[in-house]
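# Fold and geometry: a report
What follows is each chain in one-letter form.
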Amino acid sequence: MKHRLTILVAICGLFISALSIYDANAASRKPVVGKKGMAVAVEPLATQIAADILKKGGNAVDAAVGLGLALAVTHPSAGNIGGGGFMIIRMADGTAVAVDYREKAPGKAHARMYLDEDGNRAVNPNITLTRRDGSTYHPPTNRIHHLAIGVPGTVAGFALALEKYGTMSMAEVIQPAIDLAENGFILTERIARGLNSRTVIFNQIPASKAAMLRSDGEAWQAGDRWVQKDLAETLKHIARDGHDGFYKGVTAELIEKDMKAGGGMIDRTDLANYQAIIREPVRNKYRGEYEIISMPPPSSGGITMSLMLNMLEGYDLGRMGHNSSNTLHIMAEAMRRAYADRARHLGDADFVEIPEHLTTKEYAAELRSTIDPFFATPSEELGPDLTMPSESDQTTHYSVVDQWGNGVSNTYTLEGGYGSHIVIAGTGMITNNEMGDFNPQPGITRTTGQIGTPPNIIEPNKRMLSSMSPTIVTRNGDLYLVVGSPGGRTIINTTMQLILNVVDHGMNIQEAVDAPRVHHQWFPDFLRLEGGVGRETADALQAKGHELSSRGFGGGSYRQGDGHSIMVDPDTGYRLGAPDPRIEGAAFGH
Ligand code: DON
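Because the structure is a prediction, the values reported are computed rather than measured. (Residues numbered from 1 in each chain as written. Predicted model: local features only at pLDDT ≥ 70, side-chain atom pairs only at ≥ 80, totals over all residues. Heavy atoms only, no water.)

### Side note on the side chain of R582
- As for its position among the elements, R582 is in the loop between β21 (575–578) and β22 (586–589).
- A distance of 2.8 Å separates polar atoms of two side chains, one belonging to R582 and the other to E530. (Helix = DSSP H or I, 4+ residues; strand = E, 2+ residues; numbered from the N terminus. Polar contact = N/O pair within 3.5 Å; in protein donor to acceptor, adjacent residues only side chain to side chain.)

Encoded structure:
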């Protein structure tokens, strides 16, 4: 029966994804309506689990934790228990908190741990990759190596959120994930393709090969059943002992053993010491009636978004028009200024001092006065320091609202797709490569995409700077939007555009999610445009002095973010779910 159900849901998933193929020029779509509760996420099986929890009386936190744990089974490129992330919770009584479960550097970590004797980036000689032109190379040790792995935070974050704000036990909310791992689930074409795309790497790591690839060496096909017995066992330890079922006991022992064998640093002390932290969210008023509640450091999201919104408040964006060249010019100028400050000032606030002026209206007004309404400011004029490390394409965001009006916005990640690609032997768990979010070479900053400025240099037990920006917006004090996205540094801009599309441009939440997005991040000094922005607008932006990224414009191949969002309709109270069609996406309400 259970298997039949899984197949049925998988078929529904296929149907949903078929409906959701992204077309930036498609006629506007409508959100999915739920009268009481709503869950929206990248993958239908896990989304359904959250919707079921809501329907049977669990609250948004119960559902969000159940969803995150299920995605660890069904969305292996980013869903995880071996990574970390952030959760914004806003309870119906108005209490709002930020759960910080970002990975930490191990206790033995140090600033130069990714450099060889000559001070160059060290590589992992045990992994060989092939470029398109057929030449081979070894990946840097902060990408694919046991050294790339940060102390995972997801289980601690979920256990803490559940304990403080949930109503159900860990054993209850994790059971569907255990079932999916133990009995397997039917792979869709997308998941099969994703796993197959990493065959070369998984094949070079025995535990990863065993966990992630077909045992007969053939490629995965849509319709195959993927069973993850070791992962089911690891989840059962968490079901029984919660936080300690991961950070102590068998799983901690297996992690330490694998680290020793692979030349990593994480030991049982790092695991036993790991704690998720409840932080004050960044709160910022926008256009009077809206409050933006977002992630504080170690995320750069809340502060950078506040700075941009505070600059943009000085313009009537609605009248200037959605994605018009004038609007996009002003947005790009706000973005480059805010991202410059992000690089200059932001890091783990437990280690570095974050200037308070960054979120004030006065400072934003000062920066706004430097924006030329007709012409782009070259990024080099905004500061002597240069660029930031390149970030890759996997992370996942989901949104949940329950019948009482509690909302959860959660973004979590392994950093790159499939993280370090390393499965810890005996656990079935794939691990992050979040250490790659630290600045790898102190003092060395390059125009090509590397920064060496101090706030985000590696220190023992420090959290690496993130862009993840799970966000909740209230309107006149009531829950209004639950938004966020993956996408490395584009996350902050994508999340902001979801808000602007609704607040300034009057879109419904599905239109806001579907609308073409843009990105500027100070350096490299170019603007990325999703294809739907249109050639005329692109030309007008060029005439204003903006360089357009070749990746960012030309035929619509560039996709930015994956912002599964919810709006609570102020008139009806209905929960309007908007899955982002760019990858897959599902919204289930009741
Ligand atoms: O924390 C961060 O900002 C990055 N590790 C997130 C990476 C990411 O979003 C890749 N995305 N699709």
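### Thoughts on the packing of aromatic side chains
- Following the criterion strictly, the structure yields 10 aromatic pairs and no others.
- Taking 5.7 Å as the distance between ring centres and 85° as the angle between the ring planes, the aromatic pair formed by F202 and Y418 counts as edge-to-face. Placement of the pair is F202 in helix α7 (residues 199–202) and Y418 in the loop between β13 (407–413) and β14 (423–424), with a sequence separation of 216 residues.
- Under the relative-accessibility criterion, F202 is labelled buried at 0%.
- Here Y418 falls in the buried class, since its relative accessible area comes to 5%.
- Taken together, a centroid distance of 4.8 Å and an interplanar angle of 70° make the contact between F246 and Y247 edge-to-face. The same class applies to F246 and to Y247, which are both buried.
- Cluster of aromatic residues (ring-pair linked, three or more members): Y101, F158, Y398 and Y412.
- In this structure, R475 is placed above the aromatic ring of Y480, and the distance from its NZ or CZ to the ring centre is 5.4 Å. (Phe/Tyr/Trp six-rings, centres within 6.5 Å; stacked < 30°, edge-to-face > 60°. Buried < 20%, exposed > 50% of the residue type's maximum accessible area, 1.4 Å probe, protein only. Lys NZ or Arg CZ within 6 Å of the ring centre and 35° of its normal.)

### Considering the environment of A219
- Here A219 is to be found in the loop between α8 (206–212) and β8 (225–226).
- In this structure the C-alpha to C-alpha distance between A219 and L195, which are 24 residues apart in sequence, comes to 8.7 Å.
- Excluding residues within four positions of it along the chain, A219 makes contact with N196, R214 and D224. (Contact = heavy atoms within 4.5 Å.)

### Quick word on the pattern of salt bridges
- In total, this model carries 32 salt bridges according to the counting rule given.
- For R193, the salt bridge identified is with E189, shortest N-O distance 3.0 Å. Of the two residues, R193 and E189 are both situated in helix α6 (residues 189–196); the distance of four residues between them amounts to about one turn of the helix.
- Three or more residues joined by partner-sharing salt bridges are found here, namely D100, R279, D350 and R463. (Salt bridge = Lys/Arg side-chain N within 4 Å of Asp/Glu carboxyl O.)

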